[in-house]
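Each chain, written out:
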Amino acid sequence: MRTSIIGMLLGAGLAFSLPISAAPPIRVMLLDGEQAGAYHAWQETTPYLKRMLDDAGIFQVDVVTAPPRDGDFSTFKPDWSKYQVVVSNYDAPDERWSDSIRSSFEQYIRNGGGFVSVHAADNAFANWKEYNLMIGVGGWRGRNEKSGPHFYYQEGKLVPDPAPGPAGSHGARNPFKVVNRVTDHPITMDLPREWLHVGDELYANLRGPGENMTVLSTASSDPANRGTGHDEPILMVIAYGKGRIFHTVMGHDLAALNCVGFMTTYQRGTEWAATGKVTEKVPRDFPLADKTSTRREYDPPPGWTSPGGRPRPPSK
Ligand code: ZN
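Residues numbered from 1 in each chain as written. Predicted model: local features only at pLDDT ≥ 70, side-chain atom pairs only at ≥ 80, totals over all residues. Heavy atoms only, no water.

Novice: Honestly, the confidence of the model for the protein chain in this entry has me stumped. Any pointers?
Specialist: With 90% of its residues at a pLDDT of 70 or more, the protein chain has an overall mean of 92. Within the model, pLDDT remains below 50 along residues 9–19, and this stretch shows zero contacts once partners closer than five positions in the same chain are excluded. Every residue in residues 311–316 scores below 50 in pLDDT, and together they form 12 contacts with partners more than four places removed in sequence or on other chains. (pLDDT = per-residue confidence, 0-100. Contact = heavy atoms within 4.5 Å.)

If you want it as structure tokens, here you go:
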């Protein structure tokens, strides 16, 4: 009798203490697959993107891989509703998704689902109107002035430039400085105003509807490196129905992912898209205006070379 009362008390104590300390993890679907070209190796970037979320300690991540271009889509029916946010490392052409997959995804976001578009995910689905409303702007896959204006920052304002031309360009993968234009958003709050990203593709000439889009951060696209001479959007947030979207153009390959600036904004952006809040703190090794910052545990494996074929930029 006595032991059972003690047991009950201990049991009650444990039951009482556990829920207070452990908030339920944020449920994340990390979507990947397709990308026919040699440049975006989702098979090698997805494990790093997953690990960054795992390391944050607040997410529970499932990887969902879409069928290849000639694959069987009849059984591809992602259960979006199981997740608070979908992170996309997925690029595919318009014809790949059926109307029913599209409308289920639109409904999920419109009803308050979160979405994160990483790098080439903004190449996907050039003519899917609702997808382009979600990402704000995109590039390649035939996008041009009919997709919307080219958005860039000029004299402290976001400018929609309707001049005709193709959408999507970048120069060599040099380090570039990211400038935060909105410093009171949960994602950019407490970050240095300017910070240096490692060698990566600086996306430029992105076009789209740009509705309900706030550009948080930009980078100057250098004409000497095939750039536009404009301050191009790097981090964006977009509202679509009740859904929140975080769009980062950074993250071409494993070398580009190993940037504490990328990691931090990606973790914070994913948390924000899921919950509307950010609890992730800015780490002490965040890059400075003139100094990149990488982490040894995120170094690409020995002997790795970028799928683009150029030598990997030196790690600092
Ligand atoms: Zn790329």
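Novice: Help me understand the packing of helix 2 (residues 42–56) against helix 6 (residues 260–275), please; the structure alone is not making it clear to me.
Specialist: Helix packing for two helices is described by the angle between their axes and how far apart those axes are. One way to put it is that helix 2 packs onto helix 6 with a least axis distance of 10 Å and a crossing angle of 70°. Classified by the angle their axes make, helix 2 and helix 6 are roughly perpendicular. At the point where helix 2 passes helix 6, the crossing takes the right-handed sense. Here Leu 49, Met 52, Leu 53 and Ala 56 of helix 2 lie close against helix 6, whose contacting residues are Phe 262, Met 263, Tyr 266, Gln 267 and Thr 270. Tallied by class, residues from the contact of helix 2 with helix 6 come to seven nonpolar, two polar and no charged. (Axes fitted to C-alpha atoms, helices over the stretch in contact; angles between N-to-C directions. Helix = DSSP H or I, 4+ residues; strand = E, 2+ residues; numbered from the N terminus. Parallel < 35°, antiparallel > 145°, perpendicular 65-115°, else oblique. Left-handed = near helix turned anticlockwise from the far one by under 90°. Nonpolar A, V, L, I, M, F, W, Y, C, P; charged D, E, K, R; others polar.)

Novice: In this structure, what is going on with the environment of Met 29? I would like to understand it.
Specialist: As for its position among the elements, Met 29 is in strand 1 (residues 26–34). You can call Met 29 buried: its relative accessible area is 1%. Sequence separation of Met 29 and Pro 301 is 272 residues, and the distance between their C-alpha atoms is 25 Å. (Buried < 20%, exposed > 50% of the residue type's maximum accessible area, 1.4 Å probe, protein only.)

Novice: What exactly am I supposed to notice about the pairing of strand 5 (residues 150–154) here?
Specialist: Consecutive side chains of a regular strand alternate in pointing toward one face of the sheet and then the other. Burial analysis of strand 5 places four of its five residues in the buried class, the great majority of the element. Of the pairings in the sheet, the one linking strand 5 to strand 6 (residues 157–161) comprises five bridges and is antiparallel in character. Pairing of Phe 151 across the sheet is with Pro 160, part of strand 6. Taking the residues that link successive antiparallel strands as the turn, the strand 5-strand 6 hairpin has two residues, and the phi of Glu 155 there is positive, at about 50°. (Pairing = 2+ DSSP bridges.)

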